[in-house]
Amino acid sequence: MIEWNKYGTDKFYDELIAPGGVARPGAAELVRYIGSISSQNLKSRQAAADRAIIEMGITFTVYSEGENIDRAWPLDIIPRVIDAREWQTIDRGLVQRLTALNLFINDIYHDQKIIKDGVVPGSILLSSKDYLPQCMGIDPPFGVWAHICGTDLVRNSDGTMYVLEDNLRVPSGVSYMLENRAVTKRVFPELFGQYPVRPVDGYPHALFDTLAALSSRPGDEPEIAVLTPGIYNSAYFEHSFLAQRMGTELVGGGDLVVGDDDCVYMKNIEGLQRVDVIYRRVSDVFLDPAVFDKSSLLGTPGLFRAWAKGNVALANAPGAGVADDKVVYSYVPAIIRYYLDEEPILPNVPTYRCSDPEDLAYVLEFIETLVVKPANESGGYGMLVGPFASKSELADFRNRVKADPRNYIAQPTLGLSTVPTICGANIEPRHVDLRPFVLQADSSYVTPGGLTRVALRKGSLVVNSSQGGGSKDTWIVGETS
Amino acid sequence: MLSSVASRLYWLSRYLERTENTARILNTYANLLLDLPKEAEMSWLQMIRTSGYAVEFEQYRQWPLERSAIKFMTSERENPGSIQSTIDCARENMRTLREYLPKEAFEAVNELHIACDKKLARAVGRRARYSVLSEVVERCQQINGLFAGTMNHGEGYQFIRLGRSLERADMTTRIIDVASDLPHSDVSARAPEYEITLWVNVLRSLSAYQSYRQSVRSRITPVRVLHFVLNNIEFPRSVAHCLNEIRTSAQLLPKNEAVLEVLKTTERQLGSLSVRALAREHLQRDMDKMQNELGQIHNAVGKTWFAELQ
């Protein structure tokens, strides 16, 4: 049985346990409950969860040594709890942020007022891999380009929740958020009975409604398809899962064809059937071999043209990734002030732009205290965590940053918050982040909670499942004011 | 239903049926071999001819012939007609069909694939051969049972039935084709008493022996066997029965006119075979024609329901 007063929370902010072994607001009942069951019992529940995950076929795909391996999804059964009042603020902050980002993207592809007004430099477009000049002048419905956003949040040792990243291209993980809840309900049924945990399973409906709102043929029942790069993609499980939950077709690029009328059709056994909205999980460059990567087999020729003419909606819209760039990230507080005339509700992590000579000098000098990231990579690849790096790694990164400063940003190393996690026979603190999902079309929706990812190795800050990370169910608990 | 999904269901089912057929034929031949004189090793070549990969085997064969023939037809991934290759193809088609297939069927195909990977190599030796090959047959039948018993008999199921029936009819004509060559082969010329053994073997290759005995109730003769496996509408592996299944499935699918049209020609062709009492000298030519007809149905299915994919 765990004795919470011996659980070490000293250096970092723990999401469940305040210093001195006292439960945080919202977590009291969970903490008491876990403290009341034997470690044997807890272990057998973890085993039951592991079995359920295999039974339910919840997997993710790792590409290694030329082979694709489906691995069981790693879930630690102790949930992460966030008090409902705090969540209310986060929820508003997320909507504020995505609203501003959508205004930004729309501006970039029209008059670029924000650049003319000198709030962000024009060079920002040169360094962004995902800026698509082909999108200039296009008007997607509601002026919204990023319909589905996965925002990565981290809590620092000071207890403040920071935005780490806005994923506006093809963010994944939401299916695991839903499955984590399904499994946790099986493991702790007695807790859900008496505990006001906000349900998460409204997401597929909210996603469907968001997508349906984008149809260019209002009134009709819109035909929606999920476009996947296919079985070898690491998120294929999710593509198939979401298509099933929404009751829409899961298609590959070869299942679609663009007709002479510039409309998109699905190849059915009855013949061709018009598609109104495509939730595409294929990257911009592979969407349309006629416009982007000529060798792409994942896309459909003519798709971009059909979208530009407004005959099909693509979610997210091509080019939305312009705002999912670590250099643009550093301007988001300014972007929010510029378009909304509001103060940002959620703070950014202080960010040094290596393109700026002063910042560059600072980064080169203090690199061993910083996290250095390439401006345009995801999945935690190609980044340097200064305090954990060897001398030669630091030297190597100094050279890389000097050679291509525009492609790098740096941030102070955050002391990510922790959550009690089952480690063998013990419960120990492990670092976590949080990815809530935000939907936006004619209205906005935020998942109550999101996907909590946990670095399972002691002291590690790397939460990516492809690199040994696990996950937790996330509970929004309590009354809102 | 998406054409790509329909096409994968069709191919999944064809490959599963081919896997089952290959396993059964191998078992039958292995059993037959024990009854034939030593120099009858030629029959392994006959067996490989039914698979359609005789030319490739000529390159591959080594001594002893039996071992290399069995290996070629079971675990050899270089041979596209081997059990391992066809089950690989079945699984590859199935991977993206998760949301369309009953969970049990999905798992059963996976288990079959794993079992093949693990055990097929053992079939080279005579002692384990029977049990390994029987397991493949049984698992395939279990999968067919799961499709029939747990899947909605909607459009998806019709594509499974189409694939299975076409593959079955095709295999029946191949077995006849090869068997009809036997009277000219060395074995029968020197030992005519083996002929009856060979025709029993045809029945066994099609799991038809018991059915034949029950419904024909007279001495086994080549003509009666041929009639039975071609025309007996009640026997599930007869060409007539398979064509009937294809018709029923096609009728439940949209835009079926072209397929039904081709099917009519095939049925007419089958009818005309029986009229000529299956004269021995025409048999091979007739079977070639039937295979050609079945190929036409396959093309019509593809053109009608999968056309947009090409």
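Criteria and cut-off values
- Residues numbered from 1 in each chain as written.
- Chains lettered and ligands numbered in written order.
- Predicted model: local features only at pLDDT ≥ 70, side-chain atom pairs only at ≥ 80, totals over all residues.
- Helix = DSSP H or I, 4+ residues; strand = E, 2+ residues; numbered from the N terminus.
- Buried ≥ 20, exposed ≤ 12 C-beta atoms within 10 Å, placed from the backbone.
- Rg over C-alpha atoms; globule rule 2.2 N^0.38 Å.
- Pairing = 2+ DSSP bridges.
- Right-handed = clockwise from strand over helix to strand, strands pointing away.
- Axes fitted to C-alpha atoms, helices over the stretch in contact; angles between N-to-C directions.
- Parallel < 35°, antiparallel > 145°, perpendicular 65-115°, else oblique.
- Left-handed = near helix turned anticlockwise from the far one by under 90°.
- Contact = placed C-beta atoms within 7 Å.
- Nonpolar A, V, L, I, M, F, W, Y, C, P; charged D, E, K, R; others polar.
- Expected span 1.5 Å × (residues − 1).
- Domains from an automatic or database assignment.
- Core = buried A, V, L, I, M, F, W, Y, C linked by C-beta atoms within 7 Å.
- pLDDT = per-residue confidence, 0-100.

**Some details on the overall build of chain A**
Moving on, step 1. The secondary structure content of chain A amounts to 15 helices and 24 strands.
Moving on, step 2. Overall, chain A is about 70 × 60 × 50 Å in size when its C-alpha atoms are taken along their principal axes.
Moving on, step 3. Counting across all 481 residues of chain A, residues that qualify as buried make up 49%.

**What about the overall build of chain B?**
Moving on, step 1. Helices and strands together make up the secondary structure of chain B, namely 15 helices and zero strands.
Moving on, step 2. Compactness check: chain B gives a C-alpha radius of gyration of 19 Å against a globular reference of 19 Å for 310 residues, within 12% of the reference.

**Re the pairing of strand β8 (residues 224-227) of chain A**
Residue and element names in this part refer to chain A.
Moving on, step 1. Burial of the side chains of β8 extends over both faces: Ile224 and Val226 are buried on one face and Ala225 and Leu227 on the other.
Moving on, step 2. Bridge count for β8 against strand β13 (residues 277-280) is four bridges, and the pairing is parallel. Pairing of Val226 across the sheet is with Tyr279, part of β13.
Moving on, step 3. Viewed along the sheet, the connection from β8 through helix α9 (residues 236-246) into strand β9 (residues 249-251) turns out right-handed.

**With respect to the sheet that holds strand β10 (residues 256-258) of chain A**
All names here are of chain A.
Moving on, step 1. Taking strand neighbours across the sheet as the criterion, the three strands line up as β10-β11-β12 in an open arrangement whose pairing is antiparallel. Each having just a single partner strand, β10 and β12 (271-274) make up the two edges of the open sheet. Between one strand axis and the next, the sheet turns by 40° as a mean value, whatever way the strands run.

**Some thoughts on the packing of helix α1 (residues 3-33) of chain B against helix α5 (residues 83-94) of chain B**
Residues and elements named next belong to chain B.
Moving on, step 1. Taken N-terminus to C-terminus, the directions of α1 and α5 make an angle of 160°; their axes are 8 Å apart at the nearest point. The angle between α1 and α5 places the two elements in the roughly antiparallel class. α1 and α5 meet at a crossing whose hand is left-handed. Residue-level contacts link Arg8, Trp11, Leu12, Tyr15, Leu16, Arg18, Thr19, Thr22 and Ala23 of α1 to Ile83, Thr86, Ile87, Cys89, Ala90, Asn93 and Met94 of α5.
Moving on, step 2. The class makeup of the residues in the contact of α1 with α5 is 10 nonpolar, four polar and two charged.

**A look at helix α6 (residues 174-187) of chain A**
Moving on, step 1. In this model α6(A) runs 20 Å from its N-terminal to its C-terminal C-alpha over 14 residues, within 8% of the 20 Å that 1.5 Å per residue would give.
Moving on, step 2. Judged by how many residues are buried, α6(A) sits mostly within the fold: 11 of 14 residues are covered.

**Quick notes on the environment of B:Leu32**
Residue and element names in this part refer to chain B.
Moving on, step 1. By secondary structure assignment, the location of Leu32 is in helix α1.
Moving on, step 2. Along the primary structure Leu32 and Leu112 are separated by 80 residues, whereas in three dimensions their C-alpha atoms are 26 Å apart.
Moving on, step 3. Contact partners of Leu32, with chain neighbours within four places excluded, come to Ser43, Thr197 and Asn201.

**Side note on the domain arrangement of chain A**
Residues and elements named next belong to chain A.
Moving on, step 1. Domain parsing of chain A yields domain 1 (96-141 + 202-340) and domain 2 (352-412).
Moving on, step 2. Here the C-alpha centre of domain 2 lies 31 Å away from the C-alpha centre of domain 1.
Moving on, step 3. Each partner contributes residues to the interface: domain 1 has six residues there, and domain 2 has seven residues.
Moving on, step 4. No other element matches helix α12 (residues 326-330), which puts three residues into the side of domain 1 that touches domain 2.
Moving on, step 5. Its residues assigned to classes, the side of domain 1 that touches domain 2 comprises one nonpolar, two polar and three charged.

**Section: the interface of chain B and chain A**
Moving on, step 1. Between chain B and chain A, the contact holds 16 residues from the first and 16 residues from the second.
Moving on, step 2. By residue number, the principal contributor to the side of chain B that touches chain A is α1(B), which donates three residues.
Moving on, step 3. For the side of chain B that touches chain A, a count of residues per class yields seven nonpolar, three polar and six charged.

**Quick look at the packing of helix α8 (residues 155-179) of chain B against helix α13 (residues 239-251) of chain B**
For any two helices packed against each other, one specifies the inter-axial angle together with the distance between the axes.
Residue and element names in this part refer to chain B.
Moving on, step 1. Between α8 and α13, whose axes approach to 9 Å, the crossing angle comes to 160°. Relative to α13, the element α8 lies roughly antiparallel. The interaxial crossing formed by α8 with α13 has left-handed handedness. In this structure, α8 uses Gln158, Arg161, Leu162, Ser165, Leu166, Arg168, Ala169, Thr172 and Thr173 to contact α13, whose residues at the interface are Val239, Cys242, Leu243, Glu245, Ile246 and Ser249.
Moving on, step 2. Looking at the contact of α8 with α13, its residues break down into seven nonpolar, five polar and three charged.

**Here's the deal with the nonpolar core**
Moving on, step 1. The biggest cluster of nonpolar side chains holds 223 residues, and the ones touching the most others in it are A:Leu101, A:Phe104, A:Ile105, A:Ala146, A:Ala323, A:Val372 and A:Ala410.
Moving on, step 2. Sort the elements by how many residues they give to this core and α1(B) lands first, with 12 residues.
Moving on, step 3. When residues are assigned to domains, this core turns out to be shared by domain 1 (96-141 + 202-340) and domain 2 (352-412) of chain A, each giving three or more.
Moving on, step 4. Sequence-distant contacts of A:Val372, defined by excluding residues within four places in its chain, comprise A:Val363, A:Ile367, A:Met383, A:Leu384, A:Phe397, A:Val401, A:Tyr408 and A:Ala410.

**Quick look at the environment of A:Glu15**
Residue and element names in this part refer to chain A.
Moving on, step 1. Secondary-structure assignment places Glu15 in the segment before β1 (17-18).
Moving on, step 2. Through-space distance from the C-alpha of Glu15 to that of Asn316 is 33 Å; in sequence the pair is 301 residues apart.
Moving on, step 3. Look past the residues within four positions of Glu15 in its chain and what remains in contact with it is Arg24, Arg80, Val81, Ser417, Thr418, Val419 and Val432.

**Side note on the pairing of strand β16 (residues 370-374) of chain A**
Residue and element names in this part refer to chain A.
Moving on, step 1. With four of five residues buried, β16 lies mostly within the body of the structure.
Moving on, step 2. Two strands pair when backbone bridges link them, and β16 and strand β18 (residues 408-412) are joined in this way by five bridges, in the antiparallel orientation. Looking across to β18, one finds that Val371 is bridged to Gln411.
Moving on, step 3. When β16 meets strand β17 (residues 384-385), the two strands line up antiparallel, connected through two bridges. Directly across from Val371, in β17, lies its bridge partner Val385.

**Digging into the confidence of the model for chain B**
Residue and element names in this part refer to chain B.
Moving on, step 1. Model confidence for chain B is summarised by a mean pLDDT of 88, while 90% of its residues fall at 70 or above.
Moving on, step 2. When pLDDT is averaged over each helix and strand of chain B, the minimum, 53, is found for helix α9 (residues 186-190) and the maximum, 97, for α13.
Moving on, step 3. Quick note on the complex model: pTM equals 0.85, ipTM equals 0.80.

**Description of the sheet that holds β16(A)**
Residues and elements named next belong to chain A.
Moving on, step 1. One open sheet accounts for four strands, arranged β15-β18-β16-β17; its pairing is antiparallel. Of all strands in the sheet, those with a lone pairing partner are β15 (352-353) and β17, marking the two edges.
Moving on, step 2. Strand direction decides the pairing type here: β15 and β18, joined by two bridges, are antiparallel. For Arg353, the partnering residue across the bridge sits in β18 and is Ile409.

**Here's the deal with the environment of A:Pro405**
Residues and elements named next belong to chain A.
Moving on, step 1. Residue position: Pro405 is located in the loop between α15 (391-403) and β18.
Moving on, step 2. According to the C-beta neighbour criterion, Pro405 is partly exposed, with 19 such atoms within 10 Å.
Moving on, step 3. When the C-alpha atoms of Pro405 and Cys354 are compared, they prove to be 4.9 Å apart, with 51 residues separating the residues in sequence.
Moving on, step 4. Not counting residues up to four positions away in its chain, the partners in contact with Pro405 are Cys354, Ser355 and Leu360.

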